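Residue-level structure breakdown
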Amino acid sequence: MAYKQPALPYAENALEPHISAKTISFHYGKHHAAYVNNFNNLAAGTPLDDLSIEDAIAQTANDPQKVGVFNNAAQALNHTFYWNCLKPNGGGVPTGNLADKITADFGSFDKFRDELKNAAATQFGSGWAWLVLDNGTLKVVKTGNAQTPLTSGQVPILTIDVWEHAYYLDYQNRRPDYVASLIDNLINWDFAESNFNAAQ
Ligand code: MN3
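To start, this report covers the structure provided alongside it. (Residues numbered from 1 in each chain as written. Predicted model: local features only at pLDDT ≥ 70, side-chain atom pairs only at ≥ 80, totals over all residues. Heavy atoms only, no water.)

Turning to the environment of Phe-109, a few remarks are in order. Mapped onto the elements of the fold, Phe-109 is located in helix H5 (residues 109-122). Accessibility expressed as a relative area gives 16% for Phe-109, which makes it buried. Through-space distance from the C-alpha of Phe-109 to that of Ala-99 is 7.6 Å; in sequence the pair is ten residues apart. Setting aside chain neighbours within four positions, we find Phe-109 in contact with Gly-92, Val-93, Pro-94, Ile-102 and Trp-189. (Helix = DSSP H or I, 4+ residues; strand = E, 2+ residues; numbered from the N terminus. Buried < 20%, exposed > 50% of the residue type's maximum accessible area, 1.4 Å probe, protein only. Contact = heavy atoms within 4.5 Å.)

In structure tokens:
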């Protein structure tokens, strides 16, 4: 059963001025769509076709024969997750259970914010920065290319796409500016909190 690219949860121009409609148009309409199509084409007619995309990712991770299908499946799911991590008029600080846990595990929201910014800025080349729940502890991690914390047994709470296609039209080489703008203006803390609560 083919994986269907979920609809973007907001209009393409909804994240302006922080992320332009042009960036979203290419990122969602071309990059993400291509990962979904490539995954479906590679899975078609194989046993992977009968699995959820999460199970397809788990089954192909670390298999040198399945690198292509893994990369496209993981990128398809990573992007769906990323869109939901953003919203117009987002950012600010979280509230509720997740806020308390961030303070407990990082010391303060500002320390968490610095760690997330640093991870996003220092991921060498293409990849992702994440807030994850790892054995009951919140951690900031980064992954290269299509890699996802799911294959390390970690629960993703939040992610930032740091592939150049996510920011180059708007910020050129200034990845730290994109990251800071995203954290302060676009993070959907309601979505992050729902991920955290579901993992309890
Ligand atoms: Mn991307």
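Moving on: the sheet that holds strand E3 (residues 155-161). Within a beta sheet, neighbouring strands are joined by backbone hydrogen bonds and run either parallel or antiparallel to one another. Strand order in the open sheet formed by three strands is E2-E1-E3, with antiparallel pairing between adjacent strands. Of all the strands in the sheet, the pair left with one neighbour each is strand E2 (137-144) and E3. In this sheet, neighbouring strand axes are inclined to one another by 20° on average, regardless of whether the strands run parallel or antiparallel. Those strands touched by helix H4 (residues 96-106) are strand E1 (127-134), E2 and E3, and its axis lies near 80° from that of E2. (Pairing = 2+ DSSP bridges. Axes fitted to C-alpha atoms, helices over the stretch in contact; angles between N-to-C directions.)

Time to look at the coordination of the manganese ion. The protein atoms that coordinate the manganese ion are His-27 (NE2), His-79 (NE2), Asp-161 (OD) and His-165 (NE2), at distances spanning 2.0 to 2.2 Å. All donors of the manganese ion come from a single chain, and their spacing in sequence reads H-x51-H-x81-D-x3-H. Of this pair, His-27 sits in helix H1 (residues 21-43) while His-165 sits in the loop between E3 and helix H6 (168-171), and the two are 138 residues apart along the sequence. (Donors = N, O, S within 2.8 Å, 3.2 Å for Na, K, Ca; no water.)

Here the focus is the pattern of salt bridges. Within the structure shown, the criterion is met by six salt bridges. The salt bridge partner of Lys-66 is Asp-63, with a shortest N-O separation of 3.8 Å. Of the residues examined, Asp-63 reaches a relative accessible area of 22% and is grouped as partly exposed. The partner of Arg-113 in a salt bridge is Asp-184, with the nearest N and O atoms 2.6 Å apart. Remark: Asp-184 occurs in helix H7 (residues 175-185) and Arg-113 occurs in helix H5; sequence separation between them is 71 residues. Overall, the relative accessible area of 36% leaves Asp-184 in the partly exposed class. (Salt bridge = Lys/Arg side-chain N within 4 Å of Asp/Glu carboxyl O.)

Closest axis-to-axis distance for the H1/helix H3 (residues 67-84) pair is 8 Å, and the angle between their directions is 140°. Between H1 and H3, the angle is such that the two are oblique. H1 and H3 meet at a crossing whose hand is left-handed. Counted together, Ile-24, His-27, Tyr-28, His-32, Ala-34, Tyr-35, Val-36, Asn-38, Phe-39 and Leu-42 of H1 and Gly-68, Val-69, Asn-72, Ala-73, Gln-75, Ala-76, His-79, Thr-80, Tyr-82 and Trp-83 of H3 form the full contact between these two elements. (Parallel < 35°, antiparallel > 145°, perpendicular 65-115°, else oblique. Left-handed = near helix turned anticlockwise from the far one by under 90°.)

Take the packing of aromatic side chains next. Per the stated rule, a full pass over the model turns up 13 aromatic pairs. Summarising the aromatic geometry, the rings of Phe-109 and Phe-112 are spaced 5.7 Å apart at their centres and angled 55° between planes, so their arrangement reads as tilted. Taken together, the positions of Phe-109 and Phe-112, both in helix H5 and three residues apart, correspond to about one turn of that helix. Through pairs of rings, three or more aromatic residues link up here, namely Tyr-28, Phe-81, Tyr-82, Trp-83, Trp-128, Trp-130 and Phe-191. (Phe/Tyr/Trp six-rings, centres within 6.5 Å; stacked < 30°, edge-to-face > 60°.)

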